[in-house]
Each structure stands twice: as C-alpha cells, then as structure tokens.
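These are the residues of each chain, in order.
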Amino acid sequence: MTTPPRAVRKRGRRLGAALALVASASLLTSPASAQAQYERNWRYDQDVHLSYEFDDNVQEKLQDPTRAQVARISYRGEFHWAGGDQRLTFSYNGGFKRHFGVDGGLGGPTTQAAAEQEVAGDLDLSSQFVNEGNVSYLRRVSDDLAVTARLGIKDRTWTQDDFFFINEDAFRRYSASAGVVLNLDVIDPDQPARLEAGVRYADISFDNLDPHFGNWLYGGHVSLSKRFDEELEARWSYSWDRIRFPGRGVYTPQDTDPTNIIRGVGRERQEDHVHELGTELEWFGELGVVADYRFRFNDSNSFGFTYFSHNVGLQLLRDLPWGMFAQAYGRVELRSFTEPVPSFTGGSLDIGETENNVLMFRLVKDVSPDYSVEMRYARYRNESITLNDFYSKNIYSVGLTYHP
Amino acid sequence: MIGMRRPLLPLALMLAVGTMATPLRAQGPPISELERLAEQREERIAVLEDRLDRLEARRDSLIEAKRSADPGSARFETVSNRILENAEQIRPVQRELRTLREQVRSLKTELFQRYNLEIAETQTRIDALKARGLTPRESPELRRLTERMPELLRARGRLAAELEEEQDALYLPAIVYDPTDTARELQNKIAASRDAIDRIDERLGEIEERIQNLNRTERMRREAERLQRDLELWGDDRSAQSGSEIEAILEQQRPGARDRRAGANPFEDPREEIRRLRGRYLELEERRDEFVRKAALFAELLERFYR
C-alpha cells in the first residue's frame, strides 16, 4: 500500500511523460480520415482536447488568494473491430498546474521549509502535474450480453519534492473494474432497456499524508437503464463500496484530541461503507437535459465520519446558430454529518452540514467540421472540509478540440 | 429501430391487439408451417432477384449497343428486337417477385401476430401456475414455459425488425425504355420518373433529418461526457481536498457516468447508424440521378415523337 514518496514522485513524472507520448503517438499513427474506413470492418474514433485555464482561487478569509494557470490535454481513442463487437478505448487526461499569487497566509500546513517561507511572506509555489490514463475493453458476446473491463491509473506529482498543499497532496491511484451488460430489448423492443452490474477496486497512496488519507476500496454496482423514446432515457442505480483506511485508527466519542485518529496504532482501522441510490434522466431533444439525483449514506465505524448526502446535478445543452453550442452545468451537494466532532486543521473532520456547489457555463464554436474552440467559466463555492471555511473558486478557460 | 415511429405504429397496434387477445386461440397453420412457407418464398425471391439482376444488366448493355448502332441499320433492328425480348423476360420476373414479396410480408405479419398470441398464452399459463404456488423446480411445465418465453420474445423481436425494415424500404419502379413506346406511354414514363424523384427527395429529407437528430444527440452526449471528464481530473466537482479522490473514484465508477458517448449502450452504435444512413443517402442520390436522366431521355423521345 505505501510507497516511498520520492520514488512515487519520480515515477509520476516518468509516467506522465509516457502517457502523453502514447496519446500523441496514437493521434499521429491513427488513420487520417474516417471516410477511408467507410467500408472496413473496423474503425478508429478519436478526439483530442487542449485547454488553458486561469483559476482564481479565493479563500474567503485570506487576503492573498492562491491563483493558478492550468494547461490540459485530453485524448480519447476508440478502436472498434469485429463489426463493432469488440472495442478498445484509450483515454488520457492530463495537465500542468502552475500556482502563483501567494505572499503568505496560505491556509493549510505544508512542509517546515514552506511554512518558514510562508511566515516570511515569500512563498515560492511549486507546480504540479496530474496524469490519468484508462484502458477499457468491451466485448459484445451476443446480441443480449456484453462484458467490460477497465484498468486505470491516476497520478499527481509536484515539481518540488518537498512541496505540497495539504488539500492537493501528490498521490498515485490504481483502479480496475469489470462488468456485464444485459440487453433487455427483447422484453419490449419499443423501449430498449439494459441491466448493468459490475465490481471495482481502487487503491490510492499519498506521498505525504498517506496515514491520513491513503485507502483502498472495493465495491459493486447495479443499474437499470430504459429508453422511453428516441430522446428520453432514464437510469436507476445502486452501488455499494467498502473503503478501508489502513493508516487511520477509528475516532471515538471519548477522544478529546482529534489527532488521535492518526496515532491509533492499537486502534481498530477506519472502514466506511458507502451506499448510493441514484436516478438519472437524459433528454436529448432540441434542448438537451441531463438531470440526476443521488442519495448517499456513508456508514463509518469512526465517530464523526458518518454522513448522508443529497446530490443534485443539472446539465443543459443546446445547439446555437453559426455552429455554436452552449452548455450550462450546476451541481449542489447537501451533506450532513450525523455525529459532531470538533474541527482541526490537520485532518479532515468537520461537523454539521456542508454544501458543495458548482455552476459552469461553456460555449463551443465549431471552426471546421474537425475543429472547435471553447470558452468556459465556472464558479465553485464549497465548504472545504480541510480549510474549514468557505472556499470559492472562479475558473476562466479557453480550449481547442480536434475530433476528426 | 427507435427512430422509425411510423412503421412501428402498426406493430405496436398488433402487439396491443395480441396482448389484449389473450383468451383467443391461435387458428390456422402452426408457427413452424408459417415459417417454412416464408422461408420457401424467400429462397425463391433470392433466385428471382439474381435472375432479374442478370436481365437488367443485359438490358443496359443492349440499350448501350442500340445507341451506338445506326438507326435503320440491320444491327439497330436486331438489338431492338433483343431489347423487346429482354423486356418480355423482365416483366414476369418482376411480377412474380412482387407477388412473392407480398406473400412473405403477409406471412411474417401473421407470424408476428401468432407469436403475440403464443406469448400471451404462455404468460397466462405461467401466471396461473405461479398463482398455484408452484415454482419452476417443482413443476416441469412451468420450467418448460419459463425457458420457452425468452425464445418467443426473441423471435417476435426479430420479426418486428424485419417488418420494420421492409416498411422502410422505398419501392422504386423499373422504368425501361421500349422502342415500341407510344406517346402516351412515354408521358406515363416521364410522370413515373418524376414521381420516383419526388419520393426519393422525400426520403432523402427524412434521412437527412434523422442524421441531423443522431448527430445532435451524439454531440450532446459527447459534450456532456467531456465536461464530466474535465471535472473529474482535479476532483473539481467539490472542494479540492485530498479526500476528493475518493469522491472521484466513486464518481468515475457511477454506472453510465464514465462513458456516455459510446460505452453507455454497447448494443447501439449511433455512429454506425449514421454511417449506414449516409450510405443509404448516397445510394438514393444515385437512383435520383438515374431517374432524372430517364425523365430527360423520355422527354426528349417524346419531343422527337411529335417532331
């Protein structure tokens, strides 16, 4: 579970470079035109997206907010063969984030050296790479049955080995999942339906805060999707996950010092069971609407970590004249912790209710059949549980997409 | 399958009638006999289609030969006679094909209704056995019926798709030049060609609209998925904190959330459907050009006729 932090960081950079290289190579070596594949028994679909964004982070009680510039690239390639019965999907999502704009007063503890710099009002902020790669395989075994499998890796690495934000520590996450999809069209051909069931596993190690946050999980899900007409589809799902924190002891109502949870060598380890019930509606008419509601219950054996949450999301999409496309996205989470625990700055405990909200607007303009440019604005307002305060962030972004 | 609402209406009605007609017993030949008759006719249709293709290819080459021959020459006359013979051979084949296709269609419609009845009867019997507290383990009949049900549903689904496809097919007449055509016949052929052009135009419009709808849906799915993917990269959906990686993995694995664009439904491929429709569009455009040329040719012949 635990990996030496330095080794993780070095490997992280190498991994990022390798993933970016694979993404570029896939783009360059893939067939140039979809037309050429017209008569073939296979095809390769792909798109690549580049964006630059400016993050204006505002911690409401801090005078000097952290700001960041982010360059992102994402690539997705889908290789279909055997007449579409088999499909291999590669996706890469990565970015480089450069922080600036802090003279001091940063909210979370960093390293000793950084803390000294912070006090001196001369904080040299490091940058970070985030890389994520997934490979998925899908096979249609028959007209009624398909199987899927996915392997994924995600990594965050800071350019300076001794630097990290408490809320954005370097980490490496491995994940895998497998599932089956049953076609239920035969029951009612007018309203196609399908049943999905799957299992998953994930293991995440943090460089500096692994005892606090490192965890692994396994779980499963089942969902039923039904299409009512060409434009309307609904989905109902249930999932269960067991999350175990090997470095974290359980907290008890008798504990007066919250940091006990990371000291508890002889304590029982923290284990959460997450149950989630969800429903989602997709309507792709003249106006596209994607709405979802999820109810989650996190049942923890550690006092103060049990919570339930209501999560509502709404996405509106619409084609506009002159090859433009508009998108609005909003999400609200109302989370209630059932057991009160005093807050502290070095961990992730909180009390009472938190609200996590995001609102986003996106405008895309097609400049040619293969290229489009986009502008995006997003505003987040969250009750950050680590900073123990309201946290708002404005994001301004421009991007370019290539989708032959 | 979903987009063809109009062709599905009669099927839906048949389905509804079949479901409501539960107490009715199936009459007429058994399902296996109906299937045999349909198969027999389909085999004959395949043979005749082959023959028609050959005859039409010969007709085209004869027309070409006639164009290159001098009017009034012996070769011109011989080729004209051959064209006449060829037309005589084509007509009965076309007639028989039309009859056989109609028969197959009617047999399949009957089969569809019979499957409906069979499904309703099987379901009623299953319900009755279950109401008596029997389980498939205890009752061999219930086990047999439960196992048979998916087969019946599959067979009905297959027939529904075939019937729908046939309803979607556009009938275009074979308009052939005949040296003995009178002015009246030429006028009829011009009208038939123009009518075919109109019907092709109408179908082209429908296909275009369907492609546009599919593209729009595909685009919306893609953009919705892209936004979700972007949000997941930094765990931006919520406050940026270490714990959000747990959120991220839970989000990522949410059924259907990850792969809206293509993986959401492995049994449907909108891009493949768009590709198929584009192919059909090109095919119909070619047929349209052919009818435009024919209409122009017959108009020219008519003009010469009166000259």
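As the structure is a computational prediction, the values presented were derived from the model and not from experiment.

About the thresholds
- Residues numbered from 1 in each chain as written.
- Chains lettered and ligands numbered in written order.
- Predicted model: local features only at pLDDT ≥ 70, side-chain atom pairs only at ≥ 80, totals over all residues.
- Helix = DSSP H or I, 4+ residues; strand = E, 2+ residues; numbered from the N terminus.
- Buried ≥ 20, exposed ≤ 12 C-beta atoms within 10 Å, placed from the backbone.
- Contact = placed C-beta atoms within 7 Å.
- Expected span 1.5 Å × (residues − 1).
- Pairing = 2+ DSSP bridges.
- pLDDT = per-residue confidence, 0-100.
- Axes fitted to C-alpha atoms, helices over the stretch in contact; angles between N-to-C directions.
- Parallel < 35°, antiparallel > 145°, perpendicular 65-115°, else oblique.
- Left-handed = near helix turned anticlockwise from the far one by under 90°.
- Nonpolar A, V, L, I, M, F, W, Y, C, P; charged D, E, K, R; others polar.
- Core = buried A, V, L, I, M, F, W, Y, C linked by C-beta atoms within 7 Å.

Trainee: Tell me about the overall build of chain B, and please be specific about residues and values.
Mentor: A tally of helices and strands in chain B yields seven helices and zero strands. Each helix and strand of chain B, ordered N terminal to C terminal, gives the series α-α-α-α-α-α-α. Within the span of chain B, comprising 307 residues, buried residues form 23% of the whole. Pairs at least 24 apart in sequence give 77% of the contacts found in chain B among residues at least 6 apart.

Trainee: Would you mind going over helix H3 (residues 74-131) of chain B in detail, with residue names and values included?
Mentor: The terminal C-alpha atoms of H3(B), which comprises 58 residues, lie 85 Å apart, in line with the 86 Å expected from a rise of 1.5 Å per residue. Directly beyond the C-terminal end of H3(B), a positive phi value near 85 degrees is found at Gly133(B).

Trainee: If you had to explain the environment of Leu287(A) to someone new, which residues and values would you point to?
Mentor: All names here are of chain A. Secondary-structure assignment places Leu287 in strand E11 (residues 287-300). Among the residues examined, Leu287 registers 12 C-beta atoms within 10 Å and is labelled exposed. Considered as a pair, Leu287 and Leu316 are 29 residues apart in the sequence and their alpha carbons are 7.0 Å apart. In contact with Leu287, not counting residues within four places along its chain, are Leu316 and Arg318.

Trainee: Tell me about the pairing of strand E10 (residues 269-284) of chain A, residues and numbers included.
Mentor: All names here are of chain A. Pairing between strand E9 (residues 232-249) and E10: 15 bridges, direction antiparallel. Looking at the pairing, Asp241 lines up with Val274 of E10. Where E10 meets E11, 13 bridges bridge the pair, whose relative direction is antiparallel. Bridging from a neighbouring strand, Val274 pairs with Asn298 of E11.

Trainee: Describe the confidence of the model for chain A, listing the residues and the values that go with them.
Mentor: In the predicted model, chain A carries a mean pLDDT of 77, and 71% of its residues have values of at least 70. The spread of mean pLDDT over the elements of chain A runs between helix H2 (residues 112-120) of chain A, the lowest at 47, and E11(A), the highest at 92.

Trainee: So what's going on with the pairing of strand E2 (residues 67-81) of chain A? Which residues, and what values?
Mentor: All names here are of chain A. Sheet topology note: the E2/strand E3 (residues 86-100) ladder contains 15 bridges and is antiparallel. Across the sheet, Trp81 pairs through a bridge with Gln86, a residue of E3. In sequence, E2 turns back onto E3 through a hairpin of four residues, with Ala82 there showing a positive phi of about 55 degrees.

Trainee: So, unusual backbone geometry: which residues are in play, and what are the values?
Mentor: Most peptide bonds are trans, and most residues other than glycine sit at a negative phi. In this model, Trp322(A) sits at a positive phi of 60 degrees, which is unusual for a non-glycine residue. Along the chain, Trp322(A) falls in the loop between strand E12 (307-320) and strand E13 (324-337).

Trainee: Describe the packing of helix H2 (residues 31-68) of chain B against H3(B), with residues and values.
Mentor: Residue and element names in this part refer to chain B. Between H2 and H3, whose axes approach to 8 Å, the crossing angle comes to 155 degrees. In this view, H2 runs roughly antiparallel relative to H3, as classed from their interaxial angle. Crossing of H2 against H3: the hand is left-handed. When the residues that make up the contact of H2 with H3 are grouped by side-chain class, the tally is 21 nonpolar, five polar and 16 charged.

Trainee: So, the nonpolar core: which residues are in play, and what are the values?
Mentor: Trp158(A), Phe163(A), Phe164(A), Ala170(A), Phe171(A), Ala202(A), Ile204(A), Phe206(A), Leu209(A), Phe213(A), Leu217(A) and Ile243(A) together form the largest nonpolar core, which totals 12 residues. With three residues, strand E7 (residues 193-206) of chain A is the single largest residue contributor to this core. In this view, Trp158(A) contacts Ser126(A), Gln128(A), Phe163(A), Phe164(A) and Ala170(A); residues no more than four positions away in its chain are not counted. Leu111(B), Phe112(B), Tyr115(B) and Leu163(B) belong to the second largest nonpolar core, which has 11 residues in total.

Trainee: Explain the confidence of the model for chain B to me, and be specific about the residues and the numbers.
Mentor: Residue and element names in this part refer to chain B. Across chain B, pLDDT averages 76, with 77% of residues at or above 70. Per-element averaging of pLDDT across chain B places helix H1 (residues 5-20) at the bottom with 43 and H2 at the top with 87. For the stretch residues 1-25, pLDDT sits under 50, and the model shows 35 contacts to residues farther than four places along the chain or on other chains. Considering only residues more than four positions removed or in separate chains, one finds that residues 236-246, a stretch of pLDDT under 50, has 41 contacts. For this predicted complex, the interface confidence score (ipTM) comes to 0.74, while the overall pTM stands at 0.64.

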